[in-house]
Amino acid sequence: MDRDTTAPAPAIPDEIRADVETLWRYHDMHHELRPCDVGIGLGSHDLGVAVIATRLFREGLYPWIVFTGANAPTTVKRFPRGEAVHYREYAVEQGVPAELILVEPRATNTAENLEFSRQLLAEREIQVRSVLIMSRPYQQRRAYATCKRIWPEVEVVCASNPLDLDDYVRSIGDLRRVVDMLVGDTQRIEVYAERGFAIPQEMPDEVRSAFGRLIAAGYTSRLI
């Protein structure tokens, strides 16, 4: 089940709030949702990915869902059977037909999420011209850039469970984890493009400055 978003939120300190909000806005691609050939839910510690995937399936935005993800040190306790498996179980409990959900249980990073999903869909002979990728809110930009590198022929739409920053922190229950992950994903936008894992993305000066200040404040555990 989702975490209780009515519980008291871990407060974002005033001294970092503006910078955290800057990174939060940067990673949101603000894509207009439209029907796609398949929805792909990227595994993580965040059950909100399965929540939004289920909701958009019900709204008719795609006929197939792929949940992709093995485990990571940050997810194995919450999702011991694997991220994709737990996402599928949630979707089935919410009424999504099991036969319309594909599970990719091996991926351990975003590039593998997308490459293995592409392979799985090809094996099932499902034609894909467009994908709706669902991820943690701060993973949208990286997911987009990675997909355009790995799977350039498809149209890409990105979405996340629509929570504002404070509600998202409340849903995860760990402020430091959220800020550390925001900082880490911001670094990966440029590093992964330099390494050829993703297409380049513009990074405005205000984002770069906020990123630097949060590193100076000690939010560094997810840096490469």
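Our subject in this report is the structure included herewith. All values derive from a computational prediction rather than experimental measurement. Counting of residues starts from 1 at the beginning of each chain's written sequence and follows it residue by residue. Whole-chain, interface and lining totals are the exception, using all residues; otherwise, since this is a predicted model, local features are given only for residues with pLDDT of at least 70 and side-chain atom pairs are given and counted only at 80 or more. Note that water and hydrogens are dropped before the side-chain values are worked out from all heavy atoms of the structure.

Things to note about the overall build of the protein chain
Assigned secondary structure in the protein chain consists of 8 helices and 5 strands. Strands are runs of DSSP state E lasting at least 2 residues, helices are runs of H or I lasting at least 4, and numbering of each runs from the N terminus. Listed N to C, the secondary structure of the protein chain is α-β-α-β-α-β-α-β-α-β-α-α-α in terms of helices and strands. The C-alpha atoms of the protein chain give 17 Å as radius of gyration, which agrees with the globular expectation for 224 residues (17 Å, within 12%). Expressed along its principal axes, the backbone C-alpha trace of the protein chain runs to roughly 50 × 40 × 30 Å. Here the radius of gyration uses the C-alpha set of atoms, whereas the globule reference equals 2.2 Å times the residue count to the power 0.38.

Comments concerning helix H1 (residues 14-27)
Under the convention used throughout, the expected extent of a helix is 1.5 Å for every residue step, that is, one less than its residue count. Between its first and last C-alpha, H1 extends 21 Å over 14 residues, near the 20 Å set by a 1.5 Å rise per residue. Under the scheme applied here, a residue whose accessible area is under 20% of the maximum for its type counts as buried, over 50% as exposed, and between as partly exposed, the area being computed with a 1.4 Å probe on protein chains only. All buried positions along H1 are accounted for by Ile16, Asp19, Val20, Thr22, Leu23, Trp24, Tyr26 and His27. In this fold, the buried residues of H1 make contact with helix H5 (140-150), helix H6 (165-172), helix H7 (175-194) and helix H8 (205-216). Working rule for contacts: check all heavy atoms of both residues, and any pair within 4.5 Å makes them a contact.

Some points on unusual backbone geometry
Leaving glycine out, the prevailing phi sign among residues is negative, and the prevailing peptide bond configuration is trans. Positioned with a positive phi, His30 is a non-glycine residue whose angle comes to about 55°. Turning to its location among the elements, His30 is positioned in the loop between H1 and strand S1 (38-42). For His30, a relative accessible area of 61% translates into the label exposed. Look at Glu125: it is not a glycine, yet its phi comes out positive at around 60°. For Glu125, the position within the fold is in the loop between helix H4 (110-123) and strand S4 (130-134). Glu125 gets classed as exposed once you look at its relative accessible area, which sits at 73%.

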